[in-house]
Amino acid sequence: MADSAGLQFVSPYAFEAMQKVDVVRLAALSDPELRLLLPCLVRMALCAPADQSQTWAQDKKLILRLLSGVEAVNSIVALLSVDFHALEQDARKEQQLRHKAGGSNGESILVSQLQHGLTLEFEHSDPLRRLRLTLSELLAIMNKVADSNGEFFLKSSELFESPVYLEEVADVLCILQAELPSLLPIVDVAEALLHVRNGDWFLCLLVANVPDSFNEVCRGLIKNGERQDEESVGGRRRTEALRQLCQMNPSQALNIRAMVVEECHLPGLGVALTLDYKPDTADEAVSPLVSYVSGLLLGTNGKVRTWFSMFIRNGQQRKRESSSVLWQMRRQLLLELVAILPRSRSTHGLNDSDMEEEGGSGYSGLREEHVVKASALLRLYCALMGIAGLRPTDEEAEQLLQLMTSRPPATPAGVRFVSLSFCKLLAFPTLVSTPEQEQLMVMWLSWMIKEEEYFESAAGVSASFGEMLLLVAMYFHSNQLSSIIELVCSTLGMKIAIKPSSLSKMKTIFTQEIFTEQVVTAHAVRVAVTNNLSANITGFLPIHCIYQLLRSRAFTKHKVSIKDWIYRQLCETTTPIHTQLLPLIDAYINSILTPASKANPEATNQPITEQEILNVFQSSAGGEGGRGGRLRYTITTQLLILYYILSYEENLLASTKQLALMQKKPKSYSAALMDQIPIKYLVTQAQGLQQELGGLHSALLRLLATNYPHLCLVEDWVCEEEVTGTLPLLRRMMLTSNTCRYTQSQLHQAFQKLPSSSPRLMRILEHLTLLSPGDLIPYSEALTASMGLLLEPAVPRRILQTLNKLWMGLNTVMPRRLWVMTVNALQPSAKLLGQQKYSQNDLMVDPLIVLRCDQRVYRCPPMMDIVLHMLNGYLLASKAYLHCHLKETADFDRQTQTVSNLGLPGQPDTPEVTREELKNALLSAQDSAAVQILLEVCLPTSEEQQLGANTESLLRSMRGPPPGKAKPGCAGPGARRGGEEAEPEAGLLSDLREVQCLICCLLHQMFIADPNIAKLVHFQGYPQALLPLTVAGIPSIHICLDFIPELLAQPQLEKQIFAIQLLSYLCTQYALPKSLSVARLAISVMGTLLTVLTRAKRFSFFMPTLPCLVAFCQAFPPLYDDVAALLVQVGQVCASDVATKARDIDPLIARLQYLKEKPQEVLAPGGGSSKLSLPQRTAEELGGADPDVQLCYRVEATFMDIIGSSLHGL
């Protein structure tokens, strides 16, 4: 608004005095300044105040005294003497009239026909007419604004343009708004004043006389403003008016700027207010303009970013204007940039001699206090060019390049500045346009390479720009331009659209002049590792560079050894783990096993040596998780090395086929090395550090489950919860210190003096239970070595149970070494004398060694629990061992076979299939042998049989008597019940029973894990006396119902007998529809065999199987007819054979027919004696009888048992 340039505006001093009603300050104002504030002061002096205090009364007197000498006060007093109520009514009538007339200015109630122009009428009018003239003109403008629909117009009005009467008009305007606030809302008046000349001056006076309306007026003007104020005359006038208001009240300028950003209107006003803002402290690191524009373009609000970017783009399309806010902003930024350039820099580039001179120590670099400001300017120009689309002028581009290639001091801020400059060069390569500028850039990049190590050491930072240079060079060599763009955007902290084609010039400079691939690899190895590398260290580190070089196989291509660097970096790690470590290890393993090219299979990296690995675990080498002294390496390093070994071995097995084709066999790590690594202890430690270790813990668990399944037993995880849970933690809190008050020698002596030292040993063991598993490790040898002494009869059970608990605790941290020590300690005494010690490898090759222990273990439940745990673990370990062994050798043997059998089709595949089948057969034999041995352990010894132990007691206690055990002469159920009552109760509490339960639990797990084991064991068969135990004690044995039909189809009579006996117990235990169908099949098979078996085989088959029919009928009564028919058929066949020998057997056949047809009449009513009594026969008669006769008697006894059991069930 250049039309109000010559007018005097209200000063900030005067506005603040009005805001605070500071009479002293008001008295200090000059007459011209005071003249602008008279409307408010006169109203203040004349109107009745709400404040009746004595202080205000004194201030009011001062105001009256101040006004007494001003002549213009009289005219304002006259204005206030008007009847404003009548004036408001006339004004509202005129508004209604104009509304009806469609806005025409024909008739007016406020103003009659004017004889002269507005200015002369205003001069000659009394106060009331002046008010009416001004009000009429103002209402006309306000109505036109309301009807304009946002289109700007400039109303020509003599009243607001005549310089002679501006002050009088301003007085009238202020009085009208103050007295008629409902008719003239101050925001609407402010909006109308933008459409007249001198409007900003009138607006400032109006607001100065109503100072509390400042924020309301500003917000209203901003809300009604344009989104892009530089685009229109109205926008520029609005911006200028608001700018004048903020100059009058500078304390609110930043709040008004915040409103601008909030509404996304008038972007030029925000920039203008920032340019006008003068901070209290002039030595700020970053100027307000840089902070404001950076916040808009780099903030998180996308709407604000788009809005301001449009302001930049639109502003560039207009020709350069000195009055444009955008060009004012650019000029100010350029001035700030030039102000911090090094003094030796000229604005016209440098020639060669200049660069050579400045390359020396006398070069004047960027001053330290300017580095942060320079970084902020660089990021701002990146945002302006990359996000807002600013096209720099030649002058701006030249000065930017001068700043970017300046040399900062060696501080962290200096490192950051160099990184930003480098990324800006990559993002905007068009800044380098002339050969001189290109040479300047190459010299600066060479300086970066030369000074990188010095900067890193002097600045004390781990992430330097040297790694970024290396990384970019590697990306250029591998043509990963998208990765370079991601790197640039992440370093600059903004998303910039960079075309890959724009990087072609930089790629040529990097790959041909500065960093050849060989230079990159040689330089990377010499870069120092990052000390205490963790996720807390941000930025681009040496590890990023090494990782990219490993992926591109640059080290192997140029025969540069990287093994030592990787090993040193792994040893310099801590938590939280850096995210690049695991990908680095994976890439390193791949470079060891996979050659860079088929033409050169030897081009691989070297693996980490076994000695280097042992050095990492040397503090733990004494045992799994040994606690001897402070760890030299952190737990992070040990876990990473463990991950490397396990992943290396897994990848080696997976790559054997490809390696065999190349006749290359990388070395595998020895079993002796693996035995010395505390794998389970480390994984347990990692479990408590999952947050700090990222994905390392889950990766280790995956590798363990594949390669060491015996360390991932479900019961071990459950046991760990018991050891590390809340209750054990509370018990450990009872310890006064972490150290144990008993030594290992004291524990050993207490074991040696058993049984007399039982109380002392118990105290020691109970105290050891309070220790954590890790603290128990030093006592592991003393505990395991003395296990054999606890097998003596007089050892208290509590000692055995406590030892079992301690062993399970140790098993959570050092399972493999503990198992070896335990197996060796539990050998029979004869072997112990021979000093035969088994190794870990021996036990994995032959897991059954675990069961070759002292026979007393089989009747010591706590010890048997330990043995079964180890057996289960070693069976799994043996599977993994054989799988790895087969994988390691199969592909190389197959390759040899392929070479030797050239021309023989089909030959190469045969060894592979055979080896796999042999391995599976060996594993099945191992598992079945273990099961058979354990089942044999369940059989009572001769001494236990004499004491009354009975393997059938478990089944009897659950479901009643086993089938077929009643004596032939005992027809009624009462006799069988009496037999049960006579069974000794002590059998349920014996050691044998407890061992049987432990074995059944293990067999249950094995059958679930591999049902084929159950099938194999039952096809092999086992003693019939164990069937009651296995059926009742192994819940998963019901799967036998699936293969019993196949077992019945076997040609061996023994297997058929075993199948029928097993089925009889299964039917009683699992009375299911499937059991019924299999039972029908068994009866049918028995009927078929009756017709084909010889006389001798018939006796040997039916004598043990006929009692099983009792169980079939008891479980499934609908089978009674089929069973009865079978029994009669068997009886008839046998009787016919007997008849040929002139034996009187007809009464027997008659009895059988009677039993079949009328079974309910066999027993007398009321449970009395049988109507049909069997003749009593002596043992001599039965023993010496003919086999067919014995079979006839067995058929008759089976009939009676079936009838008796059915009636007993009713």
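Residues numbered from 1 in each chain as written. Predicted model: local features only at pLDDT ≥ 70, side-chain atom pairs only at ≥ 80, totals over all residues. Heavy atoms only, no water.

Digging into the overall build of the protein chain
Point 1. When helices and strands are tallied, the protein chain shows 67 helices and 0 strands.
Point 2. Buried residues in the protein chain amount to 52% of all 1210 residues.
Point 3. A sequence separation of at least 24 residues applies to 75% of the contacts in the protein chain between residues at least 6 apart. (Helix = DSSP H or I, 4+ residues; strand = E, 2+ residues; numbered from the N terminus. Buried < 20%, exposed > 50% of the residue type's maximum accessible area, 1.4 Å probe, protein only. Contact = heavy atoms within 4.5 Å.)

Quick notes on helix α20 (residues 325-340)
Point 1. Here α20 contains 16 residues, and its C-alpha end-to-end distance of 23 Å stays within 8% of the 22 Å for a straight helix at 1.5 Å per residue.
Point 2. Within the sequence span of α20, burial applies to Val325, Leu326, Trp327, Met329, Arg330, Leu333, Leu334, Glu336, Leu337 and Ile340.
Point 3. Elements in contact with the buried residues of α20: α17 (267-276), α18 (288-298), α19 (302-317), α22 (371-386) and α23 (394-404).
Point 4. The distance from a side-chain oxygen at the start of α20 to the backbone nitrogen of Leu326 is 3.3 Å, and the residue carrying that oxygen is Ser324. (Expected span 1.5 Å × (residues − 1). Polar contact = N/O pair within 3.5 Å; in protein donor to acceptor, adjacent residues only side chain to side chain.)

Some points on the side chain of His370
Point 1. With respect to the helices and strands, His370 occurs in the loop between α21 (352-358) and α22.
Point 2. Ignoring any residue separated from it by four or fewer positions in sequence, one finds His370 in contact with Ala339 and Ile340.

Section: the packing of α17 against α19
Point 1. In contact at an axis separation of 10 Å, α17 and α19 are set at 85° when each is read in the N-to-C sense. Here α17 lies roughly perpendicular to α19, going by the angle between them. In contact with Pro267, Gly268 and Val271 of α17, α19 contributes Trp307, Phe308 and Phe311.
Point 2. Its residues placed into classes, the contact of α17 with α19 shows 5 nonpolar, 1 polar and no charged. (Axes fitted to C-alpha atoms, helices over the stretch in contact; angles between N-to-C directions. Parallel < 35°, antiparallel > 145°, perpendicular 65-115°, else oblique. Nonpolar A, V, L, I, M, F, W, Y, C, P; charged D, E, K, R; others polar.)

Description of the nonpolar core
Point 1. With 374 residues, the main nonpolar core has Leu245 and Tyr644 as its most contacted residues.
Point 2. With 11 residues, α22 is the largest single contributor of residues to this core.
Point 3. Here Leu245 is in contact with Leu203, Cys204, Val207, Phe214, Val217, Cys218 and Leu221, once residues within four sequence places are set aside. (Core = buried A, V, L, I, M, F, W, Y, C linked by side-chain atoms within 4.5 Å.)

Some words on a nonpolar patch on the surface
Point 1. On the surface, a cluster of nonpolar side chains totalling about 230 Å² of accessible area is made up of Phe152, Leu154 and Val233.
Point 2. Along the polypeptide, Phe152 turns up in the loop between α9 (127-147) and α10 (158-161).
Point 3. Looking at Phe152, the relative accessible area reads 32%, which means it is partly exposed. (Patch = residues over 30% accessible without salt bridge, like charges linked within 9 Å, V, L, I, M, F, W, Y side chains within 5 Å. Areas by Shrake-Rupley, 256 points an atom, 1.4 Å probe, with all protein chains shown as cover. Salt bridge = Lys/Arg side-chain N within 4 Å of Asp/Glu carboxyl O.)

Considerations on the pattern of salt bridges
One side chain can pair with another of opposite charge once the charged atoms of both are near each other.
Point 1. Tallied over the full model, the rule gives 29 salt bridges.
Point 2. Between Arg43 and Glu179 there is a salt bridge whose closest N-O contact spans 2.9 Å. Taken together, the residues span a long stretch of sequence, with Arg43 in helix α4 (residues 38-46) and Glu179 in helix α11 (residues 166-179) at a distance of 136 residues.
Point 3. Given a relative accessible area of 25%, Glu179 falls into the partly exposed group.
Point 4. A salt bridge links Arg331 to Glu395, with the shortest nitrogen-to-oxygen separation between them at 3.7 Å. Placement of the pair is Arg331 in helix α20 and Glu395 in helix α23, with a sequence separation of 64 residues.
Point 5. Arg331 gets classed as partly exposed once you look at its relative accessible area, which sits at 38%.
Point 6. What makes Glu395 partly exposed here is its relative accessible area of 41%.

Re the state of the cysteines
Point 1. Throughout the structure, instances matching the rule amount to 0 disulfides.
Point 2. The thiol of Cys1001 is unpaired, and the distance to the nearest cysteine sulfur, on Cys997, comes to 6.9 Å. (Disulfide = S-S within 2.5 Å.)

Details of unusual backbone geometry
Point 1. Here Thr575 and Pro576 are connected by a cis peptide whose omega angle stands at -5°.
Point 2. Topologically, Pro576 is positioned in the loop between α32 (563-571) and α33 (581-593).
Point 3. Phi is positive for Cys264, which is not a glycine, with a value near 55°.
Point 4. Structurally, Cys264 can be placed in the loop between α16 (253-263) and α17.
Point 5. Residue class for Cys264 comes out buried when judged on its relative accessible area of 2%.
Point 6. Despite not being glycine, Leu266 has its phi angle at roughly 55°, a positive value.
Point 7. Structurally, Leu266 can be placed in the loop between α16 and α17.
Point 8. Here Leu266 falls in the buried class, since its relative accessible area comes to 0%.

Re the side chain of Asn209
Point 1. Along the polypeptide, Asn209 turns up in helix α13 (residues 199-209).
Point 2. When its relative accessible area of 8% is taken as the criterion, Asn209 is described as buried.
Point 3. Engagement of the side chain of Asn209 in a polar contact is seen with the backbone oxygen of Leu36, the distance being 3.1 Å.
Point 4. Asn209 has contacts with Leu36, Leu37, Leu38, Pro39, Cys40 and Cys174, leaving out every residue within four places of it along the chain.

Examining the packing of aromatic side chains
Point 1. Taken as a whole and assessed by the stated rule, the structure comprises 12 aromatic pairs.
Point 2. Between Tyr588 and Tyr644 the ring centres are 5.9 Å apart and the planes differ by 25°, which places this aromatic pair in the stacked class. Of this pair, Tyr588 sits in helix α33 while Tyr644 sits in helix α35 (residues 635-654); the two residues are 56 residues apart in sequence, bridging distant segments of the chain. Of the two residues, Tyr588 and Tyr644, both sit in the buried class.
Point 3. On the basis of an interplanar angle of 70° and a centroid distance of 6.1 Å, the ring pair of Tyr644 and Tyr669 is categorised as edge-to-face. Remark: Tyr669 occurs in the loop between α36 (656-661) and α37 (671-675) and Tyr644 occurs in helix α35; sequence separation between them is 25 residues. There is no split in this pair, since Tyr644 and Tyr669 are both buried. (Phe/Tyr/Trp six-rings, centres within 6.5 Å; stacked < 30°, edge-to-face > 60°.)

Examining the environment of Leu806
Point 1. Note on placement: Leu806 falls in helix α47 (residues 797-811).
Point 2. With a relative accessible area of 2%, Leu806 lands in the buried category.
Point 3. With 33 residues separating them along the chain, Leu806 and Pro773 place their C-alpha atoms 8.2 Å apart.

What to know about the environment of Leu800
Point 1. Assignment of secondary structure puts Leu800 in helix α47.
Point 2. With 63 residues separating them along the chain, Leu800 and Met863 place their C-alpha atoms 7.5 Å apart.
Point 3. If we ignore the near neighbours within four places in the chain, the residues touching Leu800 are Leu790, Val795, Cys860, Pro862 and Met863.

Brief notes about the packing of helix α30 (residues 542-551) against α33
Between two packed helices, the angle of one axis relative to the other and the distance separating the axes together describe the packing.
Point 1. Put simply, α30 and α33 touch, their axes get as near as 9 Å, and they point 30° apart. For the element pair α30 / α33, the angle class is roughly parallel. Taken as a pair, α30 and α33 cross one another with a handedness that is left-handed. For the pair formed by α30 and α33, the contact residues are Ile543, Ile546, Tyr547, Leu550 and Arg551 on the first element and Leu581, Pro583, Leu584, Ala587, Tyr588 and Ser591 on the second.
Point 2. Class assignment for the residues of the contact of α30 with α33 results in 9 nonpolar, 1 polar and 1 charged. (Left-handed = near helix turned anticlockwise from the far one by under 90°.)

Considering the confidence of the model for the protein chain
Point 1. Scored by pLDDT, the protein chain comes out at a mean of 78, with 79% of its residues at no less than 70.
Point 2. Low pLDDT, under 50, characterises residues 344-363; the stretch is placed with 28 contacts to residues that sit more than four places away or in other chains.
Point 3. Scored below 50 in pLDDT, residues 1176-1184 shows 6 contacts in the model against residues more than four places distant or in partner chains. (pLDDT = per-residue confidence, 0-100.)

A short note on the environment of Phe160
Point 1. Here Phe160 is to be found in helix α10.
Point 2. You can call Phe160 buried: its relative accessible area is 0%.
Point 3. A C-alpha to C-alpha distance of 6.6 Å links Phe160 and Arg197, two positions 37 residues apart in sequence.
Point 4. Contacts of Phe160, omitting those with residues within four sequence positions, involve Glu137, Ile141, Leu166, Val169, Leu193, Val196, Arg197, Asn198 and Phe202.

Details of helix α27 (residues 481-492)
Point 1. With 12 residues, α27 extends 17 Å between its outermost C-alpha atoms, agreeing within 8% with the 16 Å of an ideal straight helix rising 1.5 Å per residue.
Point 2. Most of α27 sits out of view: 9 of its 12 residues are buried.
Point 3. Where α27 is concerned, the buried positions are Leu481, Ser483, Ile484, Ile485, Leu487, Val488, Cys489, Thr491 and Leu492.
Point 4. Looking at the residues trailing α27, positive phi occurs at Gly493, about 75°.

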